[in-house]
Amino acid sequence: MELNGGSVVAMIGKDCVAIASDLRLGNQAVGVASNFDKVFPVNDKLYYGLPGLATDVYTLKEHLRFRVNMYRMKEEREITPKTFTHLVSSTLYEKRFGPFFIEPVVAGLPTATELDPHPKPFISTMDTIGCITTPKDFAVAGTAQDKLYGVAEGLWEPDLEPEDLFETISQTLLNAVDRDALSGWGAVVHIITHKEVITRTLRARMD
Amino acid sequence: MWKQPAPANSSFNDYNTFPLPQTQRGQSSHAHGPVGHTQQPLVTGTSVLGLKFDKGVMIAADNLASYGSLARFRDIQRLHPLGKHTLLGVAGDMSDFQWLKKELDALLREEDALALSDSHPSLSPKNIYELLSNLFYARRSKMNPVWNAVLVGGWDKVKEESFLAYVDLLGTTYTAPTLATGFGAHLAQPLLREAFEAKAGINGDGPLLTQEEAEKVLDDSMKVLFYRDARSINKYQIATITAEGVSISDSKSSDTYWKFAEGLRGYGAQTQ
Amino acid sequence: MALYSQPPMSYTQEPTTAPVEHRFNPYSDNGGSILAIAGKDFSVIAGDTRQSEGYSIQTRYARKVWQLNDKAVLATNGFAADGTNFVKRVKQRLEWYEHAHHKPMGLKSIARMIQTMLYGKRFFPYYVYNILGGIEEDGTGAVYSFDPVGSYEREACRGAGAAQSLIQPFLDNQIYFKNQQPEAGSEKFVPGNLPLSTVLSLVVDSFTSATERHIEVGDGLEIYVVMQKGRSADDLLDEKKLAPGLKVEELGALGEGEGERTFLVRQSLKRD
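Residues numbered from 1 in each chain as written. Chains lettered and ligands numbered in written order. Predicted model: local features only at pLDDT ≥ 70, side-chain atom pairs only at ≥ 80, totals over all residues. Heavy atoms only, no water.

Enquirer: Would you mind going over the overall build of chain A with me for this structure?
Expert: Each helix and strand counted, chain A has four helices and 12 strands in total. Here the C-alpha radius of gyration of chain A, 16 Å, is about what a compact globule of 207 residues would show, namely 17 Å. In terms of overall dimensions, chain A has C-alpha extents of about 50 × 40 × 25 Å along its principal axes. Split into buried and exposed, the 207 residues of chain A put 55% on the buried side. For chain A, the proportion of contacts with a sequence separation of at least 24, taken over those separated by at least 6, is 63%. (Helix = DSSP H or I, 4+ residues; strand = E, 2+ residues; numbered from the N terminus. Rg over C-alpha atoms; globule rule 2.2 N^0.38 Å. Buried < 20%, exposed > 50% of the residue type's maximum accessible area, 1.4 Å probe, protein only. Contact = heavy atoms within 4.5 Å.)

Enquirer: Would you explain the overall build of chain B in this entry?
Expert: In terms of regular secondary structure, chain B is built from five helices and 13 strands. A burial count over chain B gives 40% of its 272 residues as buried. A total accessible area of about 15,500 Å² is found for chain B, and carbon and sulfur atoms account for 53% of it. (Areas by Shrake-Rupley, 256 points an atom, 1.4 Å probe, with all protein chains shown as cover.)

Enquirer: Any chance you could explain a negative patch on the surface here in plain terms?
Expert: Residue and element names in this part refer to chain A. A cluster of like negative charges, contributed by D15, E157, D159, E161, D164 and E167, occupies part of the molecular surface. Assignment of secondary structure puts D15 in the loop between β1 (7-12) and β2 (16-22). What makes D15 partly exposed here is its relative accessible area of 46%. (Patch = residues over 30% accessible without salt bridge, like charges linked within 9 Å, V, L, I, M, F, W, Y side chains within 5 Å. Salt bridge = Lys/Arg side-chain N within 4 Å of Asp/Glu carboxyl O. Lys, Arg positive; Asp, Glu negative; His and termini not counted. Charge placed at Lys NZ, Arg CZ, Asp CG, Glu CD.)

Enquirer: Got a minute to help me understand the layout of surface pockets in this structure?
Expert: Over the atoms, a rolling probe the size of a water molecule traces out where space has been left empty. The calculated volume of the second largest pocket comes to roughly 720 Å³. Along the wall of the second largest pocket there are 31 residues; nearest its centre are A149, Y166, T181, G182 and F183 of chain B. Counting residues per element, the ones that place at least two in the lining of the second largest pocket are β1 (43-45), β7 (86-93), β8 (148-156), β9 (161-168), β11 (178-180), α3 (183-187) and α4 (189-200) of chain B together with β4 (56-59) of chain C. In the lining of the second largest pocket, the residues fall into 13 nonpolar, 13 polar and five charged. (1 Å grid on protein atoms, 1.4 Å probe; cavity = no way out; pocket = protein on both sides within 12 Å on 5 of 7 lines; lining within 4 Å. Points joined across faces, edges and corners; volume = space filled by probe spheres on them. Nonpolar A, V, L, I, M, F, W, Y, C, P; charged D, E, K, R; others polar.)

Enquirer: Looking at this structure, I do not really get empty space enclosed by the protein. What am I missing?
Expert: Residue and element names in this part refer to chain B. In the structure shown here, the tally under the stated rule is three cavities of 30 Å³ or more. The computed volume of the largest cavity comes to approximately 40 Å³. Taken together, T46, S47, D62, M222, L225, F226, S232 and I233 form the lining of the largest cavity. By residue number, the principal contributor to the lining of the largest cavity is helix α5 (residues 211-228), which donates three residues. Class assignment of the residues belonging to the lining of the largest cavity gives a composition of four nonpolar, three polar and one charged.

Enquirer: I keep staring at a nonpolar patch on the surface and nothing clicks. Help me out?
Expert: Nonpolar side chains collect at one region of the surface, where Y227, Y257, W258, F260, L264 and Y267 of chain B lie side by side and expose about 610 Å² of accessible area between them. Position of Y227 of chain B relative to the elements: it lies in helix α5.

Enquirer: When you look at the sheet that holds strand β8 (residues 122-126) of chain A in this model, what are you seeing that I'm missing?
Expert: Working definition: the strands of a sheet are paired by backbone hydrogen bonds and lie parallel or antiparallel to each other. All names here are of chain A. Sheet architecture is open: five strands sit in the order β5-β6-β7-β8-β9, paired in antiparallel fashion. Each having just a single partner strand, β5 (39-43) and β9 (132-133) make up the two edges of the open sheet. Sheet topology places β8 next to β9; two bridges connect them, and they run antiparallel. For T125, the partnering residue across the bridge sits in β9 and is T133. Against the sheet, helix α1 (residues 54-75) makes contact with β5 and β6 (46-49), and its axis sits at roughly 5° relative to β5, the strand it touches most. Helix-sheet contacts for helix α2 (residues 81-93) involve β5, β6, β7 (105-108), β8 and β9, and the interaxial angle to β8 is about 5°. (Pairing = 2+ DSSP bridges. Axes fitted to C-alpha atoms, helices over the stretch in contact; angles between N-to-C directions.)

Enquirer: I keep staring at the pairing of β4 of chain C and nothing clicks. Help me out?
Expert: The two faces of the sheet receive side chains in turn, since in a regular strand these alternate between them. Residues and elements named next belong to chain C. Note that strand β3 (residues 51-53) and β4 share three bridges and pair antiparallel. Note on β4: the bridge partner recorded for S52 is I57. The antiparallel hairpin formed by β3 and β4 contains two residues in its connecting segment, where G54 sits at a positive phi of about 60°.

Enquirer: Honestly, the confidence of the model for chain B in this entry has me stumped. Any pointers?
Expert: All names here are of chain B. Chain-level statistics for chain B give a pLDDT mean of 89 and a share of 85% at 70 or above. Between residues 16-21, whose pLDDT stays under 50, and residues either more than four places distant or in other chains, the model counts seven contacts. Scored by ipTM, the complex comes to 0.96, with pTM at 0.91. (pLDDT = per-residue confidence, 0-100.)

Enquirer: Would you explain the environment of V39 of chain A in this entry?
Expert: Residue and element names in this part refer to chain A. Along the chain, V39 turns up in strand β5. Through-space distance from the C-alpha of V39 to that of P104 is 9.5 Å; in sequence the pair is 65 residues apart. Among residues more than four places away in sequence, those in contact with V39 are I19, A20, S21, Y47, Y48, G49 and H190.

Enquirer: Help me out: how do you make sense of unusual backbone geometry in this one?
Expert: Glycine aside, negative phi is the norm for most residues, and most peptide bonds take the trans geometry. Even without glycine at this site, W185 of chain A takes up a positive phi of about 55°. Positionally, W185 of chain A belongs in the loop between α4 (162-177) and β11 (187-193). Here M143 of chain B, not a glycine, exhibits a phi torsion of approximately 55°, which is positive. Relative to the helices and strands, M143 of chain B resides in the loop between α2 (125-141) and β8.

Enquirer: What exactly am I supposed to notice about the pairing of strand β8 (residues 141-146) of chain C here?
Expert: Residues and elements named next belong to chain C. In terms of burial, β8 is a largely internal element, six of the six residues being buried. Residues of β8 alternate between two faces, with G141, V143 and S145 on one and A142, Y144 and F146 on the opposite face, all of them buried. As paired strands, strand β7 (residues 128-135) and β8 are joined by five bridges and run antiparallel to one another. Residue pairing across strands places G133 opposite V143, the latter belonging to β8. Joining the antiparallel neighbours β7 and β8 is a turn of five residues, in which G139 adopts a positive phi near 90°. Two strands pair when backbone bridges link them, and β8 and strand β9 (residues 152-155) are joined in this way by four bridges, in the antiparallel orientation. Counted as the bridge partner of F146 is Y152 from β9. From the end of β8 to the start of β9, which pair antiparallel, there are five residues, and G150 there has a positive phi angle of about 110°.

Enquirer: Help me out: how do you make sense of the packing of helix α3 (residues 145-155) of chain A against α4 of chain A in this one?
Expert: Each packed pair of helices is defined by two parameters, the angle between the axes and the distance between the axes. All names here are of chain A. As a packed pair, α3 and α4 sit with axes 9 Å apart at the nearest point and diverge in direction by 145°. Note on packing geometry: the crossing formed by α3 with α4 is right-handed. Contacts between α3 and α4 involve K147, L148, V151, A152 and L155 from the former and T168, Q171, T172, L173 and A176 from the latter. Its residues assigned to classes, the contact of α3 with α4 comprises six nonpolar, three polar and one charged. (Left-handed = near helix turned anticlockwise from the far one by under 90°.)

Enquirer: Explain the nonpolar core here, please?
Expert: Nonpolar side chains tend to gather and get buried jointly when the protein is soluble and globular. Counting 61 residues, the largest nonpolar core has V44, V203, I223, V225 and L236 of chain C as the members making the most contacts within it. When residues of this core are assigned to their parent elements, the largest contribution, eight residues, is made by helix α6 (residues 196-213) of chain C. Not counting residues up to four positions away in its chain, the partners in contact with V44 of chain C are L35, A36, I37, L196, V199, V203, I223, Y224 and V225 of chain C. Y137 of chain B together with A72, L74 and F79 of chain C belong to the second-largest nonpolar core, a separate cluster that totals 31 residues. (Core = buried A, V, L, I, M, F, W, Y, C linked by side-chain atoms within 4.5 Å.)

Enquirer: Sorry, what's going on with the packing of helix α5 (residues 164-174) of chain C against α6 of chain C here?
Expert: Residue and element names in this part refer to chain C. At a minimum axis separation of 10 Å, α5 and α6 run at an interaxial angle of 150°. The orientation of α5 relative to α6 falls into the category roughly antiparallel. Here α5 runs over α6; the crossing is right-handed. Between α5 and α6, the contacting residues are L166, I167, F170, L171 and Q174 on the first element and L202, D205, S206, A210 and R213 on the second. Looking at the contact of α5 with α6, its residues break down into six nonpolar, two polar and two charged. (Parallel < 35°, antiparallel > 145°, perpendicular 65-115°, else oblique.)

Below is the structure:
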């Protein structure tokens, strides 16, 4: 985790979810790149972030892309956030005794089905070996984890509309990574609504 | 017949010791150091419990002084009264405890003598606790700790309220209506707090336990400690400190139940 | 040949089962968190009241914030024994100063004194993070924060202790307005001008957040408010303007009283 640095946060709003990350890639204390995305789409209702060891970010991202594509072809439908969480979890647990150094965060809006006509916005997070937690408010991970907890606990409130959720998650991320030497160097935020996904890149302190 | 003339600087040193101290290779150097600092506890006492009740405070400790895992001295009293209204319950190194007793008793004799000649006030539990705290902190700051954890229980005659506080080898101090040292902090403290808060409430502003109730909780807690703390013994005393003064009970034992062991492999006599 | 000049270790030296060297560790970490925020004509200094060691809660009420004189309050966090003894020495030095100069020491002088006192133990430090808050001689609210060996600076706000990493970025955002900009055409944000009621709710929010996510923070919250002389205290004393659950008491002047007023606001925190 401390080799490359980086942090991810996800939050639940009213009929929307948000997921955001910083853009730093480091080699210990040395900043190397400021365009290192850690959040990736599965589809237009489901995103996930992979803070941790950069080489594992690529490996895991490609591995998950493969497994999601296989799921899509076999099932002929899109994967739900919950199922995807379990997919990531079992992928991580396969490497129980030589883990990926990644703590994933998942954020998605489940589509309505006959069984569940009014699904709730969904976020989840895991440890490096796939132990799942599904918070009702926000999920944080990465080298600024404790800072993110502190700010998010102070700023977040229930039932935020998309634009308010954007402000909350942005302020949470920026103020947390500004106190973390291994995170920062820009940030990107995705707000997932039923209508669209709003992606914004944030200007941030570059020190 | 004559002593060999010694080299000029060989028979004297700064400390006038002869023969010269030599540090042997392979031996730990502190064995020959000028002062015996940084001890480790040798003969030790385990948990001490303390609990406030409506008319005062109780302190409990068992009668064992262990030598490592050996139950070495099985009739040691670890409750020590100081004057009429203060009592120490001491865990940790027993030789440090004996030294502490000697020092404090000497001090109290001086105070008693002063009290005879004029209107010298006697030391309150708070006074004694403050003194102990300063002593423990000063000794830890000299890297020569008094290796004990002490509960001070008492009755403050001026404020007309009970006193209960903790101090240890680091000079760490705190007070609470229920206290426990060592293993007791893990095993007994939850039981003491539960019983205390059941009546007094979480802020401690309700009625406190009665003397009978407090003694029952301590009896139960000492039993739990005997069951699970391998350095304990089923023989303990409870001191009660009230406005009337200090009284230390005779040694007593808990009724223990071992029938369950019959069916458990590894506990009782087994046929296979 | 050099190979054989020393006989193999195996039979010259018994495999010395060297006793595991237990070096006495004179420090401990007693958890908890403190925080201070300066206003234009007031200063608030706060701390939780839990004292712990490892996973054990030693007491739910131990003081970390101390009134030094009518215009200065000191919060200590880290090793509790060092904290209490450091405050004791600071108070003693302040008393000596009053005897020598017939006036209480000013805040910035206390800050400099604390630096020299901490650095005086540079090679056996007080394991304590200090935050000093109060009213400067020009009447402004001030906060000084220190590291264990005396580095210090004046700031508008500072959090320290176990939950520093949770509290400080939140304060950056809410007190220094970091990453915030006013809407086009509206006034610029100036740190250090927030009204007392806002500052109090930020303090409470900081500690409830820290309590929620940090196991060493909780039980109780003590907020000291120092006010410039002549300032109205209506915003603090009016119960309707105060968040529910807060209890205010005014602490009387310690010295001659030059007009500064100190208040103590208490609130309970979660105990889990």
